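If you want the building blocks of each chain, they are given just below.
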Amino acid sequence: MIKNTLNVQKQIEDLRNENRSSLESAVDKMSKKVFTLDSNLLRPKGYEEELPPAFGAEGLESVVGDLKKQIESLKSELKTIS
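If you're wondering where the values come from, they're calculated on a predicted model, not measured in any experiment. (Residues numbered from 1 in each chain as written. Predicted model: local features only at pLDDT ≥ 70, side-chain atom pairs only at ≥ 80, totals over all residues. Heavy atoms only, no water.)

## Let's talk about the overall build of the protein chain
Reasoning step 1: A count of helical and extended segments in the protein chain gives two helices and zero strands.
Reasoning step 2: Here the protein chain, with 82 residues, has 2% of them falling under the buried criterion.
Reasoning step 3: Surface summary for the protein chain: the accessible area is close to 8000 Å², and the carbon and sulfur share equals 59%. (Helix = DSSP H or I, 4+ residues; strand = E, 2+ residues; numbered from the N terminus. Buried < 20%, exposed > 50% of the residue type's maximum accessible area, 1.4 Å probe, protein only. Areas by Shrake-Rupley, 256 points an atom, 1.4 Å probe, with all protein chains shown as cover.)

Laid out in structure tokens, this is it:
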């Protein structure tokens, strides 16, 4: 029973890693395409672009909170399996 639980946990971790890798790859591709499009656009002389603020602390806290909820959910699933 414990072996099954560990196997399920490993499968979950493998899926998480695979999903993260896919997301990183997609973001990299999108970033390259955006950069290419941006470099092809013409801007008037003296134009300065205002960059939006980077990923803020509020957004980061939200992501961390969501991850904590997912971890708790996975823990409860493992308890029901074992």
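## A closer look at the side chain of Thr-5
Reasoning step 1: Following the sequence through the fold, Thr-5 ends up in helix 1 (residues 2-40).
Reasoning step 2: When neighbours within four sequence positions are excluded, Thr-5 is seen to be in contact with Leu-78, Ile-81 and Ser-82. (Contact = heavy atoms within 4.5 Å.)

## Focus on the pattern of salt bridges
Reasoning step 1: This model, assessed by the stated rule, comprises three salt bridges.
Reasoning step 2: Lys-10 is the partner of Asp-14 in a salt bridge, and the nearest nitrogen-oxygen pair spans 3.1 Å. Taken together, the residues span about one helical turn, with Asp-14 and Lys-10 both in helix 1 at a distance of four residues. (Salt bridge = Lys/Arg side-chain N within 4 Å of Asp/Glu carboxyl O.)

## Quick word on the environment of Gln-9
Reasoning step 1: Along the chain, Gln-9 turns up in helix 1.
Reasoning step 2: A relative accessible area of 33% means that Gln-9 is categorised as partly exposed.

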